[in-house]
Amino acid sequence: SLLSPLTWRYALAAVGPAGSSGAQFLLNLVLLSQVSTTAFGRFTFLLIVAQFAAAIWSALFCAPLPALLADTPAEERGAVIERLFLINLGGAAVAGALLLVTAKLVGETWPTAGVFALYAALALVRWFRRAQAYVVARPLRSTASDLGYCAMLLGGTLLLWTSGTATTEGAYWLLTASVIVGLLPFA
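Note that the coordinates shown come from a computational prediction; the quantities given were computed from them, not determined experimentally.

### Some details on the confidence of the model for the protein chain
Scored by pLDDT, the protein chain has a mean of 92; 99% of the residues are at 70 or more. Ranking the elements of the protein chain by mean pLDDT puts helix H3 (residues 64–70) last with 85 and helix H7 (residues 168–183) first with 97.

So this is what it looks like as structure tokens:
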């Protein structure tokens with residue numbers, strides 16, 4: 001039945017990622033209409049690099065998490081998660097440095113490259129916390145994270161569109177703010 005609890009749980013889990021994708025698509029449309037083709041090309045390329053980093057992150061930190069915690073005694077899980085989180089933070093800092101250099105190499109200014117790197121590094125931390133929330137049976141935190149991210153990104157995209165003054169650096173600041181809002185349910 002479409003009204004079963006399982007259907008509602010699946011819909012709740014799917015609405016966040018679908019909304020986030022839709023919000024990022026709208027941000028791209030706004031930038032496409034308001035920035036130069038060169039700036040838009042760099043922005044698009046760097047978002048693909050950030051998604052590639054997230055895929056690697058998922059393989060390194062998120063996918064092994066359920067198997068690792070399944071073999072860990074219940075009283076030790078909290079300590080294991082905290083150690084993994086600290087490793088995740090260190091890795092995100094290294095990834096941020098690599099992404100900073102990547103953004104600079106494709107032609108971004110240092111300030112813009114810095115904001116992009118901050119966004120991408122924080123997004124990796126959020127990605128880990130989302131996976132962790134599912135593993136410890138707190139899926140509503142992941143949903144709240146996704147919805148907060150999506151709401152902030154949609155609202156900011158609307159402001160960029162109506163102001164008519166969008167820049168790629170402004171878009172990276174918006175993405176960074178959205179990720180910070182998306183991290184709040186895990187605080």
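### Let's talk about helix H4 (residues 77–105)
Taking 1.5 Å of rise per residue, the 29 residues of H4 would be expected to cover 42 Å, and the 41 Å separating its terminal C-alpha atoms lies within 8% of that figure. In this fold, the buried residues of H4 make contact with helix H2 (37–62), H3 and helix H5 (110–135). Residue Gly107 follows H4 closely and has a positive phi angle near 110 degrees.

### Topic: H2
Taking 1.5 Å per residue, 26 residues should reach 38 Å; H2 reaches 35 Å between its end C-alpha atoms and fits that length. Of all the positions in H2, only Ala39, Phe40, Phe43, Leu46, Leu47, Val49, Ala50, Ala53, Ala54, Trp57, Phe61 and Cys62 are classed as buried. In this structure, the buried side of H2 is in contact with helix H1 (5–34), H3, H4, H5 and H7.

### Focus: the packing of aromatic side chains
On inspection of all chains with the given rule, the structure shows 5 aromatic pairs. Pairwise contacts between aromatic rings join Trp57, Phe61, Phe85 and Phe128 into one cluster. Between the NZ or CZ atom of Arg126 and the centre of the ring of Tyr149, over which it lies, the distance is 4.8 Å. Over the aromatic face of Phe85 sits the side chain of Arg129, whose NZ or CZ is 3.6 Å from the ring centroid.

How each quantity is defined
Residues numbered from 1 in each chain as written. Predicted model: local features only at pLDDT ≥ 70, side-chain atom pairs only at ≥ 80, totals over all residues. Heavy atoms only, no water. pLDDT = per-residue confidence, 0-100. Helix = DSSP H or I, 4+ residues; strand = E, 2+ residues; numbered from the N terminus. Expected span 1.5 Å × (residues − 1). Contact = heavy atoms within 4.5 Å. Buried < 20%, exposed > 50% of the residue type's maximum accessible area, 1.4 Å probe, protein only. Phe/Tyr/Trp six-rings, centres within 6.5 Å; stacked < 30°, edge-to-face > 60°. Lys NZ or Arg CZ within 6 Å of the ring centre and 35° of its normal.

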